[in-house]
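Listed below, chain by chain, are the residues.
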Amino acid sequence: MAKFAGRVVLITGASSGIGEGTALHFAKHGAKLSITGRDKTRLEDVAKRCSECGIPADDILALSGDLTDAAFRKSTIEKTVAKFTRLDVLVNNAGLVFPLGCMELSESKYDIEMNLNMKVPFLLCQLAVPHLEKTQGNIVNVSSLSGVRPSPKVGIYCASKAALDMFTQCLALELAPKKVRVNSVNPGVVNTPIFTREDSFFHNKDEEASKFLKEQEVVHPLGRVGQPQDVAESIAYLASDAASFVTGQILFIDGGRHCV
Ligand SMILES: NC(=O)c1ccc[n+]([C@@H]2O[C@H](COP(=O)([O-])OP(=O)(O)OC[C@H]3O[C@@H](n4cnc5c(N)ncnc54)[C@H](OP(=O)(O)O)[C@@H]3O)[C@@H](O)[C@H]2O)c1
């Protein structure tokens, strides 16, 4: 039987990369999906491919908008519960990285990065938890190896993910009496469009991104970078009943890099 049959899973940032891979993975396991992203066209394409994985098109709710907008956050939760009558899993995946050191990052970029990577998951949790309490559901935050590994090139990104990791663990303790689990996946480098976005590392230069990803293979002990599917599998594990005794976990999905 499908592992997530009858379960309602909300995934933010599902129009690209890890979120897209996670949506497709949950679709293969029979979940009802609420997916968000800013790019409506790409989000709808992901929704279509989710339905090609075997779930009815009506089991997918695609909500496009900016999660830094309070009204969009509120309507995302409300529309999800209105359509599916319940919420079982929240995957806080949407995030961004500015390739700038602490001395280079402007105050406005600091606000954008900390807001999306830390404040948005916090506020979405506040909105989602009343519904997760009813289902004894769970939350999976998508953090990063950068939360525990300092870098001179992306200092505030590291700080945002370190804050998210502490938030995950504090919230896990706070919600444990209510049987709501809270966990985190912390990927190493994963091959996604994050490296070629405007404002990102290689500014849409695919060749430079490919070179970077090639170079990154050797720093991950398993000899490759991650793929969205690697992270999706771990998110699904933490969200599943197989992890019913797991909460406050910070799970590295990094080919062993955190040990180096
Ligand atoms: N790739 C890596 O190497 C790596 C490593 C460790 C951790 N991570 C983490 O994994 C998560 C996903 O990253 P990714 O690599 O899959 O990146 P990605 O391909 O760039 O996808 C980012 C997603 O976040 C959404 N998003 C960005 N800003 C948003 C906003 N203001 N409101 C709503 N949605 C917004 C994007 O939506 P649109 O595209 O529709 O705008 C997109 O769906 C992030 O939290 C990132 O920090 C990534």
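Owing to the predicted nature of the structure, the values given are computational and were not obtained by experimental measurement.

Lining the immediate environment of the ligand, one finds 31 residues, of which Ser16, Arg42, Tyr157, Thr192 and Arg197 sit closest. One of the backbone N or O atoms of Ile18 is found 2.8 Å from an oxygen atom in the ligand. Contacts to the ligand include Asp66, whose side-chain N or O atom sits 2.9 Å from a nitrogen atom. Taking 900 Å² as the accessible area of the ligand by itself, protein coverage stands at 96%. For the shell around the ligand, the elements supplying multiple residues, two or more each, are helix H1 (17-28) and helix H5 (155-175). By residue class, the composition of the shell around the ligand is 13 nonpolar, 12 polar and 6 charged.

Between its terminal C-alpha atoms helix H7 (residues 228-239) stretches 16 Å, which fits the 16 Å expected from 12 residues at 1.5 Å a residue. Regarding H7, the residues found buried are Pro228, Val231, Ala232, Ser234, Ile235, Ala236, Leu238 and Ala239. Contacts from the buried residues of H7 go to H1, strand E4 (89-92), strand E5 (138-142), strand E6 (181-187) and strand E7 (250-253).

The next subject is the environment of Thr22. Turning to its location among the elements, Thr22 is positioned in helix H1. Sequence-wise, Thr22 and Ser160 are 138 residues apart; in three dimensions their C-alpha atoms are separated by 22 Å. Excluding residues within four positions of it along the chain, Thr22 makes contact with Ile11, Ala232 and Ile235. Side-chain polar atoms of Thr22 contact the backbone oxygen of Ile18, separated by 2.7 Å.

In this structure, Leu90 sits in strand E4. Judged by relative accessible area, which is 0%, Leu90 ranks as buried. In this structure, the C-alpha to C-alpha distance between Leu90 and Ile250, residues 160 residues apart in sequence, is 16 Å.

Bringing the pairing of strand E2 (residues 32-37) into the picture now. Of all 6 residues in E2, 5 are buried, a share of seventy percent or more. Here 4 bridges tie strand E1 (residues 8-11) to E2, and the two strands are oriented parallel to one another. Along E2, the bridge assignment pairs Val9 with Leu33. Handedness of the crossover joining E1 and E2 through H1: right-handed. Pairing of E2 with strand E3 (residues 60-64) involves 5 bridges; the strand directions are parallel. By the bridge assignment, Thr36 is partnered in E3 with Leu63. Taken together, E2, helix H2 (residues 40-52) and E3 constitute a β-α-β crossover, and its handedness is right-handed.

It is worth spelling out the nonpolar core at this point. Judged by nonpolar contacts, the single largest core of 33 residues is most densely connected at Leu87, Leu90, Ile139, Leu171 and Leu175. Of all the secondary-structure elements, those providing two or more residues to this core are E1, E3, helix H3 (70-84), helix H4 (107-135) and H5. Aside from chain neighbours lying at most four places away, what touches Leu171 is Cys125, Ile139 and Val182. Counting 32 residues, the second largest nonpolar core, distinct from the first, contains Phe26, Ile60, Val89 and Val246.

Moving on, we come to unusual backbone geometry. Excluding glycine, most residues fall at negative phi; most peptide bonds, likewise, are trans. Unusually for a residue other than glycine, Thr85 sits at a positive phi of about 70°. Turning to its location among the elements, Thr85 is positioned in the loop between H3 and E4. The class for Thr85 is exposed, based on a relative accessible area of 65%. With phi around 50°, Gln136 is a residue other than glycine that occupies positive phi space. Tracing the backbone shows Gln136 in the loop between H4 and E5.

Let's shift gears to the pairing of E5. Burial runs high along E5: 5 of the 5 residues are buried. Here E5 shows no split at all, with Asn138, Val140 and Val142 on one side and Ile139 and Asn141 on the other all buried. Two elements, E4 and E5, share 4 bridges in a ladder whose sense is parallel. The residue bridging Leu90 from the neighbouring strand is Ile139, located in E5. After leaving E4, the chain enters H4 and then returns to the sheet as E5, a path that is right-handed. When E5 meets E6, the two strands line up parallel, connected through 5 bridges. Across the sheet, residue Val142 finds its bridge partner in E6, namely Val185. Remark: the E5/H5/E6 crossover connection has right-handed handedness.

Cut-off values and rules
Residues numbered from 1 in each chain as written. Predicted model: local features only at pLDDT ≥ 70, side-chain atom pairs only at ≥ 80, totals over all residues. Heavy atoms only, no water. Near = heavy atom within 4 Å. Polar contact = N/O pair within 3.5 Å; in protein donor to acceptor, adjacent residues only side chain to side chain. Areas by Shrake-Rupley, 256 points an atom, 1.4 Å probe, with all protein chains shown as cover. Helix = DSSP H or I, 4+ residues; strand = E, 2+ residues; numbered from the N terminus. Nonpolar A, V, L, I, M, F, W, Y, C, P; charged D, E, K, R; others polar. Expected span 1.5 Å × (residues − 1). Buried < 20%, exposed > 50% of the residue type's maximum accessible area, 1.4 Å probe, protein only. Contact = heavy atoms within 4.5 Å. Pairing = 2+ DSSP bridges. Right-handed = clockwise from strand over helix to strand, strands pointing away. Core = buried A, V, L, I, M, F, W, Y, C linked by side-chain atoms within 4.5 Å.

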